[in-house]
Amino acid sequence: MISVKQDICYDSHCHLSPDINAEGYLEDVVPILSSQTWPINLMMTNHIDKQLLFSAMKDSTVMANRQIMFNVGIHPWFSHLYTFEDVDNIKDHKDFKLLHYRNVLDVYSRNRENPTEFDEVVRYLPFPFSIHKTVSEFRDILTNSEYRQRIDIGEVGLDKLARIPQSGYLGNPEYPGGGGLTNYKVKMEHQVKVLEIQLELSLSTCVDGIPKRISVHCVGCHGQMYGMLKKMDGKKMENNAIPAVVMHSYSGSVDNAKMLLSKLEKIHIWFGISDVVNLSRTDSGRLEKLMTVIRDRVLVETDLGIDRMLEEHGMYLRLIREKLVAMGVPEVTLLDNWREFVQEK
Ligand SMILES: [Zn+2]
């Protein structure tokens, strides 16, 4: 069982950096994964770290460390890279690629339209990946891996405000640095479809009667997210199982949090709080009010790359824990919440 060291805590949501490569993985990540002494819940970020995480999940030396929990999922910032079409039967690849990105991307602001920008963005974008193939790889590892109890779904979600970088996607090795942000975003309609297929996946990949936990990113569209979770909540679950959904780096209102906690009958909602997105950016009065509502559902998270934080990982967690304690969430509650989340209670 995963155990929590009182002095260090746990990280309920972290990543590999988006520009990680195989070399960085072998040099920095493998040693961390093997020697990690407190629990970390590692998210999949994009198609690049998908390969690395899949190799880690199949590596018995890495998986021998029971402190590591893995997740598979398509993050909304990368959802445009996926198509619902059957990519094996495409005749004209160049045409198909253009058409796909025209269908899933939308201009962010009509006032800033620039006729040449679309072609510039598409230049760096890959031929789209099949979402059905990807989800079936997810399903396979979620249900058939010998370590399936420690593999969940994340990071998935919706983002109304995110814009596509000039590199087409964050971490594109062909465009180091990523350039600035373009006037393009992923259409909400497409993001919803990508999220829906992954919410469905969680309902059909229960292991020992426990559905997969889902780590959700939601920016600027909490009402819409609530609607999708409500729809999921109404569905019949395998063995009446109760899925756990983490609203990671929760940025919604106090009222929205109340609604998620009181109006969803089957889904257990958790709220991840980080320093990068929440504690260092939101005013403390608002956060204190939020804590009175979500106290027994708060999980500590960094939302950062473990290969960037390296030995400072523990320090970041202590900082978040101290800030949450100052806002009235007792340390023991933060630990109890984690134990309940991983079903150790
Ligand atoms: Zn994240």
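Per chain, the residues get numbers from 1 upward, laid out in the order the sequence is written. Two thresholds apply to this predicted model, a pLDDT of at least 70 for residue-level local features and 80 or more for giving and counting side-chain atom pairs, whereas whole-chain, interface and lining totals are computed over all residues.

Participant: In this structure, what is going on with the overall build of the protein chain? I would like to understand it.
Facilitator: Helix and strand content of the protein chain: 14 helices and twelve strands. In terms of overall size, the protein chain behaves like a compact globule, its C-alpha atoms giving a radius of gyration of 20 Å where 345 residues would be expected to give roughly 20 Å. Here the C-alpha coordinates of the protein chain stretch approximately 55 × 45 × 40 Å along the principal axes. Only DSSP runs of H or I covering at least 4 residues are called helices, and only runs of E covering at least 2 are called strands; the numbering of each starts at the N terminus. With C-alpha atoms as the basis for the radius of gyration, the globule rule is written as 2.2 Å multiplied by the number of residues raised to the power 0.38.

Participant: In this structure, what is going on with the pairing of strand β9 (residues 214–219)? I would like to understand it.
Facilitator: Where a strand is regular, its side chains alternate between the two sheet faces. Burial of β9 is extensive: five of the six residues sit out of reach of the surface. Between any two strands, at least two bridges found by DSSP are needed for them to pair. As paired elements, strand β7 (residues 151–159) and β9 share six bridges and run parallel to each other. Following the sheet pairing, Ile-153 is matched in β9 by Ile-214. In this sheet, strand β10 (residues 244–247) lies alongside β9 in parallel orientation, the contact comprising three bridges. Along β10, the bridge assignment pairs Ile-214 with Val-245. Note on burial: count the other C-beta atoms lying within 10 Å of the residue's C-beta; 20 or more is buried, 12 or fewer is exposed, in between is partly exposed, and C-beta positions come from the backbone.

Participant: Teacher, can you tell me more about the confidence of the model for the protein chain here?
Facilitator: Close reading of the predicted structure is inappropriate where its pLDDT is low. The predictor attaches a confidence to each residue, and that confidence, scored 0 to 100, is pLDDT. Looking at the protein chain, pLDDT values average 92 and 97% of them are 70 or higher. Per-element confidence in the protein chain ranges from a low mean pLDDT of 87 for helix α10 (residues 275–279) to a high of 98 for strand β4 (residues 82–83).

Participant: Looking at this structure, how should I read helix α7 (residues 188–203)?
Facilitator: The terminal C-alpha atoms of α7, which comprises 16 residues, lie 23 Å apart, in line with the 22 Å expected from a rise of 1.5 Å per residue. All buried positions along α7 are accounted for by His-190, Gln-191, Val-194, Leu-195, Gln-198, Leu-201 and Ser-202. Looking straight down α7, one finds that the buried residues subtend no more than 130 degrees of arc, so they occupy a single side. Expected helix span is taken as 1.5 Å per residue step, with the number of steps being one fewer than the number of residues. The reported arc concerns the directions from the helix axis to the C-beta atoms and nothing else.

Participant: Got a minute to help me understand the pairing of strand β3 (residues 68–72) in this structure?
Facilitator: β3 sits mainly inside the fold: five of its five residues count as buried. By the alternation rule, side chains of β3 split into Ile-68, Phe-70 and Val-72 and Met-69 and Asn-71, which are all buried. Here strand β2 (residues 40–42) runs beside β3; their pairing, made up of three bridges, is parallel. The partner of Leu-42 across the bridge, within β3, is Phe-70. Sheet topology places β3 next to β7; three bridges connect them, and they run parallel. The partner of Val-72 across the bridge, within β7, is Ile-153.

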